[in-house]
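Listed below are the residues making up each chain.
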Amino acid sequence: MTDPNSSVSHLELEESKKTFLDANELVINMGPQHPATHGVLRVILRLDGEKVMGLECVIGYLHRGVEKIAEHRTYTMFNPYVDRMDYVAAVSNGLGYCEAVEKLLNIEAPPRANYIRVILTELNRLASHQLWLGTHALDIGAMTPLFYTFRDREEILKIFEKYCGARLTTHAFRIGGCQYETYEGFEKDVKKFLTFVAPKIDEYEELLTTNRIWVERTKKVGTISAKDCIALGVTGPVLRASGVKWDLRKAQPYAAYKQFDFEIPTGQNGDTYDRYLVRMAEMRQSLRIIQQAVDAIPEGPIMAKVSKVMKPPVGEIYHSIEAPKGELGYFIVSDGSTQPYRIRVRPPSFVNLQALDLMCRGQLVADVIAVIGTLDIVLGEVDR
Amino acid sequence: MCTGWYTSDMAPVATTFFFYFLSGLAILSGVLVITRKNPVHSALALILTLLSVAGLYLMLYAPFVAGVQIILYVGGIMVLFLFVIMLVNIERSEREKQFNQQWLPGILAACGLGLLFVLIYVKGKALFSQPVITMPETENTQRVGMMLYSNYMFPFEIASLLLLVAIIGAVVMAKKRI
Amino acid sequence: MPGFITNYLDKNVHVTPGQYGSPFWALVYILLVFGGVSLAVVCMNWLERKILAHMQVRLGPMRVGPHGLLQPIADAIKLILKEDIVPEGADSFVFLLAPLIILVAGFSVYCVIPFGPTHAITDMNIGILFMLGVSSLGVLGIVMAGWASNSHYPLIGALRSSAQMVSYEVAMGLAVISAVLMTSLNPAGTGTLSMIGIVQAQYAQHTWFIFKFFPLGFIAFFIFAVAMVAETNRAPFDLPEAESELTAGFHTEYSGLRWSLFMLGEYAAMISVSSIAITLWLGGWMRPFPNLLQGPTWDLAFSLFPALTFFGLAAMTFYSTMRMPKHPYFRIQTIGLGAFGGVFVLIALILLIPRVRDGVQDVYWFVAKIAVFLYLYIWYRGTFPRYRFDQLMRVGWKVLLPLGIGVLMATGIMGLRTEIWDFVHRLVHI
């Protein structure tokens, strides 16, 4: 995974520097069946006692060939497949894909559809962050936040279910807008959820933010500088925690994000604690966006005029959105037929995972777990 | 509710049996220590030796020494022994030639030690002319404490100083950079 | 009745069976304690899952029996029936021996735990030393298990736990010494290591040692309370078996009955270290205010507590019974729960009989104090994240150890304050 030419030195390079004292180096195979690798990530750890000398990620255990499948499906038929990549933030995946194809077709979704998209995407961001928080805390040993976050995530999934019938792989959006009009009482449900969840976020913070053990376990752990982040292409909360104010919702506004007023939370140190704080602040910002969107949701059609058989012009397009985990990009090459010639997805988890070796080197085994948790990877997206 | 202090005057049960049982166990496991090829098995046998010696101390009405034997040797030192042994590559050490082949010096050393023991047993009565003080079990620990902090204060302090030096020395040797 | 039974009962002796020198009574007590602790472990298993579940907005076991009451039994049956796997390449002798060592170490310490002035198997002159020594044998079992499994995760777990337990034993020992030092504050000037003696010293000094020389006693107790969590490998010091890092630590490769022996040993150790803390600082078997609230009225009032507790439990059970769903599917469970409440009422009624009432008093207070500690264990587990290894070591060596030495010295100075004062006085007047 790591580039041998970069400053991040490769494991093989260290082989020659081996001395007599390194004879007791322990090689541990963490995963693919391991409680803390978030799925089927396999990490080969090289340990000196408890200290990590280096690690190598082995991925591909969940590879389903999503990109290849796309070449044999029409644009509409491929839409549900993208939900299966980052399955905890399926709505974002769908949004990115639909917008990319819309850009290729040169059409635009109507304003009401854009507002619905923003509401659902932000709700999904919240759900994704809640799931991250629960599992991250569980990895570090705090059991309780997991159950709190799952209790509150349930409310979001209920709204999804009411809206489109599915909870996880929602397939909520269509190319050109949304398939479904909001159900009756949608706004009321969302507003009720907003008032419900705001104190709950305080509750998570109460359990962790000032908890001494939590702070000690996360501060100065897995530190990564802004320079390294940019060099490795790391995006999302990990990049922002290192102090770079980069959020595609502000940098290249898509959907209806231009209309909303929100902040981009950033950190300074780029350690696990900062990433935790950034994500917690992002949850609150998401609430702000949802509140504004629900208050100002316009009336009108939810679907643009799209022909039944989509035949985009020959050409290629790259479109990216800010998924909960970072920049999610779709590169689509069209040969003018009903099926894409090639689709390449730029999944944030895959790129962020590259930083694992750099972030873990010289730390302890327990920190590897914390760093895997803080990168917030989803293996479905890494392997595709 | 409160029962007050009491003295125990119960007679020990089956003294002879326990003496031979514990001694036999100590000797047997002592032999195992030097005959096992796997160092972990040797260490476990050594633990058994130390435990049976602790039992023998108990039979000598020295519960304090027995307790210290268990807490220090078995619970502390032997754990560190195992700790080190576990990190050594055992497969390799099993394949390697054992260097306990020097049986002649070994026998000589054992004979010398045996001679020393016999000498002490024979001459000991003259050296320690006082009769054996028998003290009740309930007071043993208190007496040991009194003795350590009055008559044997100086050796006690010397011993603690020695240990302190050993600790500092170990840290200096193990740590490359302080 | 054979002579050795009647003799012991008639004599109404104020000694433990071990001191009385009766192997028969010692055996009876051993069986009672062993059975009691095993039962306590089973109850603890259920309670931990339920309490933790309710802290975490979930229900915990609900299926096996009413409110999952039969879950521990179902688990036990499952574990016994499971295959006992010895991994390939493991040192099978050491591998099979390790859980037994942990179990023996966990249960041997109950020899000297005084559940009452006479309710102990025996009273040793070196009681507390024996307890610390034997409980430190448990680490041997962990090390052996980790090494013999021939696997990396257990090995790291074993390395961690041996380092952790040896380190925290030091701080623990210092805290214990400061409590033992307090026992010597009597006219004779001799302290004691005997568990029963320590409680009697607290009675004689009219205070629990946690309040002695406030805050010195409290700090010593605090050191012990932290160290004892580390000693038993429980959250937040559960690194040896940190499931997110080392899957299950030293017992990763164990299955079935042998795995359950590890659990039994761990819970037994939790109870035993709690009882050390109770004996040393919280007045052991004594009821609250044994000196202040004396007299037959108070004695009677306090002796009603055991029965009241069981009446309370029965009331809770009956309340739950009434709240059971009325569906016929739940009929058997409802009847079972009601019967359970009935058993509680029966126990409470038995506890009202004057002779029983006076007899179980000491045991009741001791067990009640243990229950508080066990609740704390569960609470920690629900609240705290896990420490990292280097942080754990730092807490042990850089915080608890200096604190322990400081408390020990301060306790010594406080104990000798009149002598020191006299000495200074004389110096001034020379």
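Residues numbered from 1 in each chain as written. Chains lettered and ligands numbered in written order. Predicted model: local features only at pLDDT ≥ 70, side-chain atom pairs only at ≥ 80, totals over all residues. Heavy atoms only, no water.

Observations regarding the sheet that holds strand 7 (residues 326-334) of chain A
Residues and elements named next belong to chain A.
Argument step 1. Taken in spatial order, the 3 strands of this open sheet run 6-7-8, and their pairing is antiparallel. The outermost strands of the open sheet, each flanked by one partner alone, are strand 6 (315-323) and strand 8 (340-346). Neighbour-to-neighbour, the strand axes of this sheet turn through a mean angle of 15°, independent of strand direction.
Argument step 2. In this structure, strand 7 lies alongside strand 8, joined through 6 bridges in antiparallel fashion. (Pairing = 2+ DSSP bridges. Helix = DSSP H or I, 4+ residues; strand = E, 2+ residues; numbered from the N terminus. Axes fitted to C-alpha atoms, helices over the stretch in contact; angles between N-to-C directions.)

Concerning the sheet that holds strand 3 (residues 51-58) of chain A
Residue and element names in this part refer to chain A.
Argument step 1. The sheet built from 3 strands is open, its strands ordered 1-2-3 with antiparallel pairing. The two strands at the open ends of the sheet, each matched to only one other strand, are strand 1 (26-30) and strand 3. Between one strand and the next, the sheet's axes are offset by a mean angle of 20°, whatever the strand orientation.
Argument step 2. Here strand 2 (residues 42-48) runs beside strand 3; their pairing, made up of 7 bridges, is antiparallel. Bridge pairing in strand 3 links Leu-47 to Val-52.
Argument step 3. Lying over the sheet, helix 15 (residues 365-375) contacts strand 1, strand 2 and strand 3, oriented at roughly 150° with respect to strand 2. (Contact = heavy atoms within 4.5 Å.)

Re the packing of aromatic side chains
Argument step 1. On inspection of all chains with the given rule, the structure shows 41 aromatic pairs over all chains.
Argument step 2. When the ring of Tyr163(A) is compared with that of Tyr180(A), the centres are 6.1 Å apart and the planes differ by 90°; the resulting orientation is edge-to-face. Taken together, the residues Tyr163(A) in helix 6 (residues 144-164) and Tyr180(A) in the loop between strand 5 (177-178) and helix 7 (186-208) connect sequence positions 17 residues apart.
Argument step 3. Taking the relative accessible area as the measure of exposure, Tyr163(A) reaches 5% and is therefore buried.
Argument step 4. One aromatic cluster is present, formed by Phe214(C), Phe218(C), Phe221(C), Phe224(C), Trp281(C) and Phe373(C) through successive ring pairs. (Phe/Tyr/Trp six-rings, centres within 6.5 Å; stacked < 30°, edge-to-face > 60°. Buried < 20%, exposed > 50% of the residue type's maximum accessible area, 1.4 Å probe, protein only.)

A short note on the nonpolar core
Argument step 1. Among the nonpolar cores identified, the biggest contains 114 residues, and Leu45(A), Tyr97(A), Leu120(A), Leu123(A), Ile332(A) and Leu356(A) are the most heavily contacted of them.
Argument step 2. If one sorts the elements of this core by residue count, helix 5 (residues 111-140) of chain A sits on top with 13 residues.
Argument step 3. Aside from chain neighbours lying at most four places away, what touches Ile332(A) is Tyr75(A), Tyr97(A), Ala100(A), Val101(A), Leu104(A), Gly315(A), Glu316(A), Ile317(A), Pro340(A), Arg342(A) and Ile343(A).
Argument step 4. Ala171(C), Met182(C), Ala201(C) and Ile278(C) belong to the second-largest nonpolar core, a separate cluster that totals 85 residues. (Core = buried A, V, L, I, M, F, W, Y, C linked by side-chain atoms within 4.5 Å.)

So, the confidence of the model for chain C
Argument step 1. Across chain C, pLDDT averages 84, with 94% of residues at or above 70.
Argument step 2. The ipTM assigned to the predicted complex is 0.78, against a pTM of 0.82. (pLDDT = per-residue confidence, 0-100.)

Things to note about the packing of helix 6 (residues 127-136) of chain C against helix 12 (residues 256-281) of chain C
All names here are of chain C.
Argument step 1. Direction vectors running N to C along helix 6 and helix 12 enclose 155°, while the axes themselves pass 11 Å from each other. Between helix 6 and helix 12, the angle is such that the two are roughly antiparallel. Crossing of helix 6 over helix 12 shows left-handed handedness. Judged by residue contacts, Ile-128, Met-131 and Leu-132 of helix 6 engage Ser-272, Ile-276 and Leu-280 from helix 12. (Parallel < 35°, antiparallel > 145°, perpendicular 65-115°, else oblique. Left-handed = near helix turned anticlockwise from the far one by under 90°.)

A look at the pattern of salt bridges
Two side chains of opposite charge can pair, provided their charged atoms sit close to one another.
All names here are of chain A.
Argument step 1. All chains considered together, the criterion is met by 36 salt bridges over all chains.
Argument step 2. Its salt-bridge partner being Arg-344, residue Glu-67 comes within 3.8 Å of it at the nearest N-O pair. With Glu-67 in helix 2 (residues 66-70) and Arg-344 in strand 8, this residue pair connects regions lying 277 residues apart in the sequence.
Argument step 3. The exposure class of Arg-344 is partly exposed, given its relative accessible area of 30%.
Argument step 4. Among the salt bridges present, the one from Arg-117 reaches Glu-102, with a minimum N-O distance of 2.7 Å. You can see Arg-117 sitting in helix 5 and its partner Glu-102 sitting in helix 4 (residues 90-105), a full 15 residues away along the chain.
Argument step 5. A network of salt bridges, in which partner residues are shared, links Glu-122, Arg-125, Arg-240, Asp-247, Arg-249, Glu-282 and Glu-322. (Salt bridge = Lys/Arg side-chain N within 4 Å of Asp/Glu carboxyl O.)

Details of helix 17 (residues 389-415) of chain C
Residue and element names in this part refer to chain C.
Argument step 1. Helix length check: helix 17, at 27 residues, gives a terminal C-alpha distance of 37 Å against a target of 39 Å (1.5 Å per residue), a fit within 8%.
Argument step 2. A maximum bend of about 30° is found in helix 17 at Leu-400, where proline Pro-402 lies one to four positions downstream.
Argument step 3. Listed in full, the buried residues belonging to helix 17 are Phe-389, Gln-391, Leu-392, Met-393, Val-395, Gly-396, Leu-400, Leu-401, Gly-404, Val-407, Thr-411 and Gly-412. (Expected span 1.5 Å × (residues − 1). Bend = angle between axes of the 7 residues up to and from the residue.)

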